[in-house]
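For reference, the chains in residue letters:
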Amino acid sequence: MQSLTNTPTRYGWAMILLHWLIGIVFIGQFALGVVMMRTTSQRASFELIQLHKSFGFLLLGLVILRIAWRLGNATPALPPSVGTLERKSAPLAHFALYAFQIVLPLSGWALISVSTLEIPTMPFNLFVMPDLPLTESDAAEGFWTSAHWYLAYAGIALVALHIAAALRHHFLLRDTVLTRMITPSSGRE
């Protein structure tokens, strides 16, 4: 029987599902952001922006849930094949990933909160998301637009490095770093 929770050597189903779901949404958000900014149809652009905002709020919620789950569960130890430098840098890289996955949606929320267009945000058409208590202005909108753009590109670069490191562990080092995020613990480990 596979476990929902982590063990000292492997991740459980909850962490695995959150990891891959967040990864797919994060990468999808980047792609959607690029497409929505290059779309010439105003109607399509509006719909894509609304979808982007919806998935941004979903990402923020999932990341908060994942951090809470991580704080309440054991973190599997790295295999012995992982060197000292990597043991020290891995937690920093994971912290940076979490930070980007929180700050990026928050910067998007700030952007829509300061927009002078005052278009309501309705995640997946379910409810109206209140704006953050920020002052609306063209200058603030310009700042948050730039911040969101730079954070998105820095975040996707960090995700690319994360993917490259996982593939290095799997194909070059042939250790269990990637497989333990694919196959859940049995609860007996």
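As a reminder, the structure under discussion sits directly above these lines.
Residues numbered from 1 in each chain as written. Predicted model: local features only at pLDDT ≥ 70, side-chain atom pairs only at ≥ 80, totals over all residues. Heavy atoms only, no water.

In this model, helix 4 (residues 138–173) (36 residues) spans 51 Å end to end at C-alpha, consistent with the 52 Å of a helix rising 1.5 Å per residue. All of the buried residues along helix 4 are Ala140, Glu141, Ala147, His148, Ala152, Gly155, Ile156, Leu158, Val159, Ala166 and His169. The elements touched by buried residues of helix 4 are helix 1 (13–38), helix 2 (42–71) and helix 3 (84–114). The first or second residue beyond helix 4 is arginine 174, which carries a positive phi of 55 degrees. (Helix = DSSP H or I, 4+ residues; strand = E, 2+ residues; numbered from the N terminus. Expected span 1.5 Å × (residues − 1). Buried < 20%, exposed > 50% of the residue type's maximum accessible area, 1.4 Å probe, protein only. Contact = heavy atoms within 4.5 Å.)

Turning next to the nonpolar core. Nonpolar side chains in soluble globular proteins tend to end up buried together. Formed by 13 residues in total, the largest nonpolar core has its most connected members in Ile22, Phe26 and Leu59. Of all the secondary-structure elements, those providing two or more residues to this core are helix 1, helix 2, helix 3 and helix 4. Each residue touching phenylalanine 26, except ones within four places of it in the same chain, is listed here: Leu59, Phe100, Gln101, Leu104, Gly155, Ile156 and Val159. (Core = buried A, V, L, I, M, F, W, Y, C linked by side-chain atoms within 4.5 Å.)

Glancing now at the packing of aromatic side chains. The tally for this structure, following the rule as stated, stands at 6 aromatic pairs. Seen from their ring centres, phenylalanine 30 and tyrosine 153 are 5.0 Å apart, and the 85 degrees between their planes marks the pair as edge-to-face. Highlighted residues: phenylalanine 30 in helix 1 and tyrosine 153 in helix 4, separated in sequence by 123 residues. Under the relative-accessibility criterion, phenylalanine 30 is labelled partly exposed at 22%. Following the ring pairs from residue to residue traces out a cluster consisting of Phe30, Trp149, Tyr150 and Tyr153. (Phe/Tyr/Trp six-rings, centres within 6.5 Å; stacked < 30°, edge-to-face > 60°.)

Here we take up the pattern of salt bridges. Going through the model one piece at a time under the given rule, you end up with 2 salt bridges. In this structure, glutamate 47 and arginine 43 form a salt bridge, with 3.4 Å as the shortest nitrogen-oxygen distance. Linking glutamate 47 with arginine 43, this pair stays in helix 2, spanning 4 residues, or about one helical turn. Glutamate 47 gets classed as partly exposed once you look at its relative accessible area, which sits at 38%. In this structure, glutamate 86 engages arginine 168 in a salt bridge whose closest nitrogen and oxygen atoms are separated by 3.4 Å. With glutamate 86 in helix 3 and arginine 168 in helix 4, the pair connects residues that are 82 residues apart, well separated along the chain. Using a relative accessible area of 21% as the deciding quantity, one classes glutamate 86 as partly exposed. A relative accessible area of 35% places arginine 168 in the partly exposed class. (Salt bridge = Lys/Arg side-chain N within 4 Å of Asp/Glu carboxyl O.)

Once that is clear, we can look at the side chain of glutamine 101. Tracing the backbone shows glutamine 101 in helix 3. Apart from residues no more than four positions distant in its own chain, glutamine 101 is found in contact with Ile22, Phe26, Leu59 and Val63.

Time to look at the environment of histidine 169. Take histidine 169: it is sitting in helix 4. The exposure class assigned to histidine 169 is buried, which follows from its relative accessible area of 4%. Considering only alpha carbons, one finds histidine 169 and serine 81, 88 residues apart in sequence, at a separation of 9.5 Å. The contacts of histidine 169, once residues within four sequence positions are left out, are Val82, Glu86, Arg174, Asp175 and Val177. Here glutamate 86 takes part through its side chain, which lies 2.5 Å from a polar atom of the side chain of histidine 169. (Polar contact = N/O pair within 3.5 Å; in protein donor to acceptor, adjacent residues only side chain to side chain.)

Note that every value here comes from positions in space, so none of it alone points to a role or purpose.
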